[in-house]
Amino acid sequence: MPELPEVEMVRRGLDAHILDRTIEQVRIFDERALKRHPYGPRDLEARLRGLKVVAVDRRGKFLWISAGSPSSSGESVVEEQLMVHLGMSGQMLIATDGGDDRSQQQPGAALHRHTRISAYLDDGLRLDFVDQRLFGGWSLSEGEVEAHGRLVPREMAHIAADPFEAVFDAGAVARRMKRSRAAVKSLLLQQGLVSGIGNIYADEALWRMKINGAREGASIPVTKLTGLLNASREVMTDALAEGGTSFDSLYRHVNGESGYFARSLQAYGRTGEPCSRCGTLLVKEQFMNRSSHFCPRCQRRR
DNA sequence: AGGGTAACCTGTATGC
DNA sequence: TGCATACAGGTTACCC
């Protein structure tokens, strides 16, 4: 479910809540949340126990939490990197003392029905990984590697830079897209080409640029492909300013709050409503095993 | 080699 | 009410 803006909201929330906290214990309630961690739950629990959170990073839709134990100089040397992917329905929820906000979980409160993992931090803070569909999960990295201008856990070396990164080169990515006969929408969704874009923001960027997503990449001028990538960055920037897109309780920030960009969507989920540019009724078509929402007049196939 | 498809999951909405 | 089907924000392994 979550795309770059939603994952970035989660990253910011984690940064605010768990930085400098010590992981006292990790409990795994459903091992299917560790599909990408081949060493099992005991290994993950043992390796994280006692480490302090040093940084929370993100590339595209991938998050990673760096943690270490304090050295003699007082600074923590990173010993482990906990990679987190939210999949379609994953959430990272902080259980705090709540204050006046009843939407927040209480520390002793019953776990959410789909809590798969809990990390118990110092000061009674708890971090829950909640994931209805189990397409997401936690795993520990086996080391860092340089990829696309940055040190990242080696397991995500195949993930390209996202449009928010300084090294992201829209023109270079556009030239690669130009060489492909695949549908331009599928190219936008290929995380090895440009990361962070999902079904919602692909449809929104295509609507902004008046491009039909079924068109071959090779049929579109490079300048227009560059514009499409820039539009993707812009729509995700706009979404981030609204706290991301949230249709239901499956997407929430770490404190349980929702984002409000759903009200600003122009194409996604607006089937049958008039296009805000031309008034033509928006349509939904199945292709690439997913739904695509677009204006049949602004976004013609040719 | 690139590109399309099935599989991984649970829940909700809809239609008969 | 019961049951079947379709669909949901993602990624990957495996075909051709």
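Here the structure is a predicted model, which means the values were calculated and not measured. (Residues numbered from 1 in each chain as written. Chains lettered and ligands numbered in written order. Predicted model: local features only at pLDDT ≥ 70, side-chain atom pairs only at ≥ 80, totals over all residues. Heavy atoms only, no water.)

## Structural notes on unusual backbone geometry
Here the phi dihedral of L134 falls at roughly 65°; this positive angle occurs in a residue that is not glycine. Along the chain, the position of L134 falls in the loop between strand 7 (126-131) and strand 8 (137-140). Its identity is not glycine, yet K210 carries a phi of approximately 55°, on the positive side. By secondary structure assignment, the location of K210 is in the loop between helix 5 (199-209) and helix 6 (222-241). Look at K210 and you get partly exposed, because its relative accessible area is 44%. (Helix = DSSP H or I, 4+ residues; strand = E, 2+ residues; numbered from the N terminus. Buried < 20%, exposed > 50% of the residue type's maximum accessible area, 1.4 Å probe, protein only.)

## Topic: the packing of aromatic side chains
Each aromatic ring pair is characterised by the separation of its centres together with the angle its planes make. Scanning the entire structure with this criterion turns up 3 aromatic pairs. Consider the rings of F129 and W138, whose centres lie 6.0 Å apart with planes at 50°: the pair is tilted. Of the two residues, F129 and W138, both sit in the buried class. Ring geometry for Y201 versus F261: centroids 6.3 Å apart, planes at 40°, classification tilted. Of this pair, Y201 sits in helix 5 while F261 is found in the loop between helix 6 and strand 11 (283-287), placing the two residues 60 residues apart along the sequence. The buried category is assigned to F261, whose relative accessible area is 3%. (Phe/Tyr/Trp six-rings, centres within 6.5 Å; stacked < 30°, edge-to-face > 60°.)

## Looking at the domain arrangement of chain A
What the domain assignment reports for chain A is domain 1 (4-155) and domain 2 (170-294). The C-alpha centroid of domain 2 is placed 28 Å from the C-alpha centroid of domain 1. Listed as interface residues are 23 residues of domain 1 and, on the opposing side, 20 residues of domain 2. Across the interface of domain 1 and domain 2, roughly 1,800 Å² is buried in total on both sides, 61% from carbon and sulfur atoms. Of all residues in domain 1, the largest losses of buried area upon contact with domain 2 belong to P5, E6 and M9, amounting jointly to 30% of the total for that side. (Domains from an automatic or database assignment. Contact = heavy atoms within 4.5 Å. Buried area = accessible area lost by both parts, 1.4 Å probe.)

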